[in-house]
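Remarks on the overall topology
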Amino acid sequence: RAPGVAIRASASGSLPAKSAGEWMKRHVAGLISECLSGAQLSTALLGSWAELAAEAEAEEAKSALVVPPSEALTEWSKAWLAQKLASCPVKLFGGSAWATFSSPSTTGEVVASIRAGAVVADFRLRLGIWWSLS
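The rules behind these values
Within each chain, residues carry numbers counting from 1 in the order of the written sequence. Where totals are concerned, whole chains, interfaces and linings use all residues; where local detail is concerned, this predicted model gives features only for residues with pLDDT of at least 70, and gives and counts side-chain atom pairs only at 80 or more. The basis for the side-chain values is all heavy atoms of the structure; hydrogens and waters are excluded. Only rings of Phe, Tyr and Trp enter the pairing, Trp through its six-membered ring, and a pair is recorded when the two centres are within 6.5 Å. The plane angle decides the type: under 30 degrees is stacked, over 60 is edge-to-face, the rest tilted. Secondary structure elements are taken from DSSP: a helix is a run of H or I of four residues or more, a strand is a run of E of two residues or more, and numbering for both begins at the N terminus. Each residue's exposure class comes from its accessible area (1.4 Å probe, protein chains only) as a fraction of the maximum for that residue type: buried when under 20%, exposed when over 50%, partly exposed otherwise. Between the first and last residue of a helix there are one fewer steps than residues, each counted as 1.5 Å, and that sum is the expected span. To obtain the bend at a residue, axes are fitted to the seven residues ending there and to the seven starting there, and the angle between these axes is taken. Working rule for contacts: check all heavy atoms of both residues, and any pair within 4.5 Å makes them a contact. Counted as salt bridges are all cases of a side-chain nitrogen of Lys or Arg within 4 Å of a carboxyl oxygen of Asp or Glu. What makes a nonpolar core is a set of buried Ala, Val, Leu, Ile, Met, Phe, Trp, Tyr and Cys residues whose side-chain atoms join them at distances within 4.5 Å.

Below, the discussion takes up the packing of aromatic side chains. Per the counting criterion, the structure on display carries two aromatic pairs. Ring centres 5.0 Å apart and planes at 45° place the aromatic pair Trp23 and Phe93 in the tilted group. Pair noted here: Trp23 is in helix 1 (residues 15-35) and Phe93 is in the loop between strand 1 (90-92) and strand 2 (97-115), with a separation of 70 residues, a long-range link. Geometrically, the ring pair formed by Trp76 and Trp80 is stacked, given 6.0 Å between the ring centres and 20° between the ring planes. Placement of both Trp76 and Trp80 in helix 3 (residues 70-86) is noted, with a separation of four residues, approximately one turn of the helix. On the basis of relative accessibility, which here comes to 14%, the residue Trp80 falls in the buried class.

The structure is reproduced here in C-alpha cells:
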C-alpha cells in the first residue's frame, strides 16, 4: 500500500505559484506516493540485506533467518529516500516546468522482525521535503 502524501502550498504566493501548488496537490502527490510505495521500498531493502547481514552478530546460526539491526535499517532507509528523491525531478505542465526536491528530513524508524517464517520490515517513517519549481 502506497503511503499518503500531503502537499502544503503557501497561500500567500502569486497566482502562478498558487496554480502550481494546486497542480502539485492534484498530480504530483500521487507520483511521490508511487515512488514511496511499500513494495518498492521493501524490494530495495530486502535486496540490501545481504550487506547488512554481514554486520549482524556472528552468534546467529547460518540456517536461521537474519534480522538486520533497526539502526542500520533506519539509516539505510533514510539515505535511500534522500538519494531517490534528489534524483526524481517531476516534469510539470507538459515539460514547461520541473519540480525538484531538496533537504529531506526523515524521522522515525524501520524495524525488522520475523513473521510467519519470513523477515519483514515495518517502516514507521515521516518525510518532510522542500520542493522548487523551475
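Time to look at unusual backbone geometry. A positive phi is found at Phe93, a non-glycine position, where the angle reads about 50°. We classify Phe93 as partly exposed; its relative accessible area is 40%. For Ser103, which is not a glycine, the phi torsion comes out positive at approximately 50°. As for its position among the elements, Ser103 is in strand 2. Overall, Ser103 belongs to the exposed group, its relative accessible area being 52%.

For the rest of this paragraph, the subject is helix 1. Every α-helix winds through 3.6 residues per turn, so residues three or four apart in the chain are directed the same way. With 21 residues, helix 1 ought to run about 30 Å at 1.5 Å a step, and its terminal C-alpha atoms sit 29 Å apart, in line with that. Where helix 1 bends most, the angle comes to about 45°, and this point is Lys25. Within helix 1 the residues assigned to the buried category are Ala20, Gly21, Trp23, Met24, Val28, Ala29, Ile32 and Ser33. Among the structural elements, strand 1, strand 2 and strand 3 (118-133) are those in contact with the buried residues of helix 1.

This part takes up the pattern of salt bridges. All chains considered together, the criterion is met by three salt bridges. Lys25 is the partner of Glu22 in a salt bridge, and the nearest nitrogen-oxygen pair spans 3.4 Å. Of this pair, Glu22 and Lys25 both sit in helix 1, three residues apart, roughly one helical turn. Among the salt bridges present, the one from Arg124 reaches Glu109, with a minimum N-O distance of 3.1 Å. Of this pair, Arg124 sits in strand 3 while Glu109 sits in strand 2, and the two are 15 residues apart along the sequence. Take Arg124: its relative accessible area is 44%, and that puts it in the partly exposed class. Because the salt bridges share partners, they merge into one network encompassing Glu109, Asp122 and Arg124.

Time to look at the nonpolar core. By size, the foremost hydrophobic cluster in this structure holds 15 residues, and its most contacted members are Met24, Val28, Val90 and Leu92. Mapped onto this core, the elements with two or more residues apiece are helix 1, helix 3, strand 1 and strand 2. Looking at this core, the element that brings in the most residues is helix 1, giving five residues. Residues Leu73, Val110, Ala112 and Val119 belong to the second largest nonpolar core, which totals seven residues.

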